Amino acid sequence: EAQVTQNPRYLITVTGKKLTVTCSQNMNHEYMSWYRQDPGLGLRQIYYSMNVEVTDKGDVPEGYKVSRKEKRNFPLILESPSPNQTSLYFCASSLSAGEQETQYFGPGTRLLVL
Amino acid sequence: QKEVEQDPGPLSVPEGAIVSLNCTYSNSAFQYFMWYRQYSRKGPELLMYTYSSGNKEDGRFTAQVDKSSKYISLFIRDSQPSDSATYLCAIDSSASKIIFGSGTRLSIRP
């Protein structure tokens with residue numbers, strides 16, 4: 001089954017404690033991205049990756065890092081989480097950047113930073 | 001001005017009604033338009049993908065783009081309780097960036 005998986009699904013942490021949210025896809029997609037979803041603001045792109053070892057900032061990259069060492073994985077790293085990073089996070093992938101009609105989203109990770 | 005504006009609702013209609021969901025956008029250069037459906041506690045799923053102006057139909061769903069007005073719509077015919085979800089409009093603004101509306105929460109009453 002074609003899917004994007006994220007772990008963990010729910011996370012409560014404290015300010016400053018580094019965390020990583022993993023994202024993996026099984027569709028051999030080149031393009032992957034991370035979004036955060038907040039009430040009234042919709043989905044905002046954090047980072048994206050056109051292919052292995054190619055990443056770039058989206059609209060709200062501050063406080064986040066990513067890496068793309070393998071095609072299937074695109075982890076999101078919060079080096080020093082702060083309460084304003086409390087949000088619902090989604091990973092997504094598509095065949096390529098120009099084929100968004102092939103896009104799949106993961107199930108989401110709900111993060112609470114105290 | 002936001003690049004994509006969407007009424008957040010909530011919108012509640014009786015089962016069987018025709019639902020109309022709408023968004024406006026600011027940049028007339030946009031060419032690719034999408035609608036996503038998001039059930040509670042799930043990720044968005046792509047519902048409709050359209051290019052330029054005109055209509056696209058898929059079963060009970062019709063996506064409409066009016067580029068002269070910078071207006072996009074999603075119509076749901078014969079609405080069902082299973083259509084209750086948040087609907088997000090989105091614009092593929094470039095090869096690497098999708099701009100999402102804030103979503104409209106829809107509830108279909110049995």
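Residues numbered from 1 in each chain as written. Chains lettered and ligands numbered in written order. Predicted model: local features only at pLDDT ≥ 70, side-chain atom pairs only at ≥ 80, totals over all residues. Heavy atoms only, no water.

Caption draft 1: Quick peek at the overall build of chain B. Each helix and strand counted, chain B has zero helices and eleven strands in total. Its C-alpha atoms give chain B a radius of gyration of 13 Å, within 12% of the compact-globule value 13 Å for 110 residues. Taken along the three principal axes of its C-alpha coordinates, chain B extends 40 × 30 × 20 Å. Looking at the 110 residues of chain B, the share that counts as buried comes to 44%. For chain B, long-range pairs separated by at least 24 residues make up 52% of all intrachain contacts whose partners lie at least 6 apart in sequence. A total accessible area of about 5,300 Å² is found for chain B, and carbon and sulfur atoms account for 47% of it. A gap of 5 Å separates the mean positions of the 12 positive and 11 negative side-chain charges of chain B. (Helix = DSSP H or I, 4+ residues; strand = E, 2+ residues; numbered from the N terminus. Rg over C-alpha atoms; globule rule 2.2 N^0.38 Å. Buried < 20%, exposed > 50% of the residue type's maximum accessible area, 1.4 Å probe, protein only. Contact = heavy atoms within 4.5 Å. Areas by Shrake-Rupley, 256 points an atom, 1.4 Å probe, with all protein chains shown as cover. Lys, Arg positive; Asp, Glu negative; His and termini not counted. Charge placed at Lys NZ, Arg CZ, Asp CG, Glu CD.)

Caption draft 2: Up close: the nonpolar core. Core analysis: the largest hydrophobic core is formed by 25 residues, its most contacted members being B:Trp35, B:Ile72, B:Leu74 and B:Tyr87. Looking at this core, the elements that each hand over two or more residues are strand S3 (19-25), strand S4 (32-38), strand S5 (45-51), strand S7 (61-66), strand S8 (71-76), strand S9 (85-94) and strand S11 (104-109) of chain B. Core analysis: the next-biggest nonpolar cluster, separate from the first, contains 19 residues, A:Met32, A:Trp34, A:Tyr47 and A:Tyr89 among them. (Core = buried A, V, L, I, M, F, W, Y, C linked by side-chain atoms within 4.5 Å.)

Caption draft 3: Just the packing of aromatic side chains, in detail. Following the criterion strictly, the structure yields twelve aromatic pairs over all chains and no others. Ring centres 5.4 Å apart and planes at 85 degrees place the aromatic pair A:Tyr35 and B:Phe100 in the edge-to-face group. Placement of A:Tyr35 in strand S4 (residues 31-38) and of B:Phe100 in strand S10 (residues 97-100) is noted, with the two residues assigned to different chains. Here B:Tyr32 and B:Tyr51 contribute two aromatic rings whose centre-to-centre distance is 4.9 Å and whose plane-to-plane angle is 40 degrees, an arrangement assigned as tilted. Placement of B:Tyr32 in strand S4 and of B:Tyr51 in strand S5 is noted, with a sequence separation of 19 residues between them. (Phe/Tyr/Trp six-rings, centres within 6.5 Å; stacked < 30°, edge-to-face > 60°.)

Caption draft 4: Inspection of the interface of chain B and chain A at higher detail. With 19 residues of chain B in contact, the opposing surface of chain A contributes 22 residues. Buried area between chain B and chain A, summed over both chains or domains, comes out near 1,600 Å², and the portion from carbon and sulfur atoms is 51%. Our enumeration of links across chain B and chain A arrives at one salt bridge. Residue A:Asp59 is joined to B:Lys97 by a salt bridge in which the shortest nitrogen-to-oxygen separation is 2.9 Å. In this assembly, chain B and chain A are joined by three residue pairs in polar contact (both at pLDDT 80 or more). Of all the secondary-structure elements, those providing two or more residues to the side of chain B that touches chain A are S4, S5, S9 and S10 of chain B. (Buried area = accessible area lost by both parts, 1.4 Å probe. Salt bridge = Lys/Arg side-chain N within 4 Å of Asp/Glu carboxyl O. Polar contact = N/O pair within 3.5 Å; in protein donor to acceptor, adjacent residues only side chain to side chain.)

Caption draft 5: The arrangement of the state of the cysteines in detail. Under the criterion given, the structure shown has two disulfides over all chains. Note on cysteine connectivity: A:Cys23 is disulfide-linked to A:Cys91, with sulfurs 1.9 Å apart. The sign of the S-S torsion, about -70 degrees, decides the handedness of the disulfide formed by A:Cys23 and A:Cys91: left-handed. Highlighted residues: A:Cys23 in strand S3 (residues 19-25) and A:Cys91 in strand S9 (residues 87-94), separated in sequence by 68 residues. For A:Cys23, a relative accessible area of 2% corresponds to the buried category. A relative accessible area of 0% places A:Cys91 in the buried class. Between B:Cys23 and B:Cys89 runs a disulfide, and the two sulfur atoms are separated by 2.0 Å. (Disulfide = S-S within 2.5 Å.)

Caption draft 6: Spatial organisation of the sheet that holds S8(B). All names here are of chain B. A sheet is described by the order of its strands in space; here five strands give the open sequence S1-S3-S8-S7-S6, paired in antiparallel fashion. Across the chains shown, the open sheet's two edge strands, defined by having one partner strand only, are strand S1 (4-6) and strand S6 (54-58). Within the sheet, the average angular offset between the axes of one strand and its neighbour, ignoring direction, is 20 degrees. (Pairing = 2+ DSSP bridges. Axes fitted to C-alpha atoms, helices over the stretch in contact; angles between N-to-C directions.)

Caption draft 7: Representation of a nonpolar patch on the surface. A surface patch of nonpolar side chains, amounting to about 380 Å² of accessible area, comprises A:Ile12, A:Val14, A:Leu112 and A:Leu114. Tracing the sequence through the fold places A:Ile12 in strand S2 (residues 10-13). (Patch = residues over 30% accessible without salt bridge, like charges linked within 9 Å, V, L, I, M, F, W, Y side chains within 5 Å.)

Caption draft 8: How the structure looks around the pattern of salt bridges. Under the counting rule described, the total for this entry stands at seven salt bridges over all chains. With a closest N to O distance of 2.8 Å, B:Arg60 and B:Asp83 form a salt bridge. Taken together, the residues span a long stretch of sequence, with B:Arg60 in the loop between S6 and S7 and B:Asp83 in the loop between S8 and S9 at a distance of 23 residues. Taken together, the salt bridges that share partners define one network made up of A:Arg36, A:Asp38 and A:Arg44.

All quantities given are derived from atomic positions and should not be read as evidence of function.
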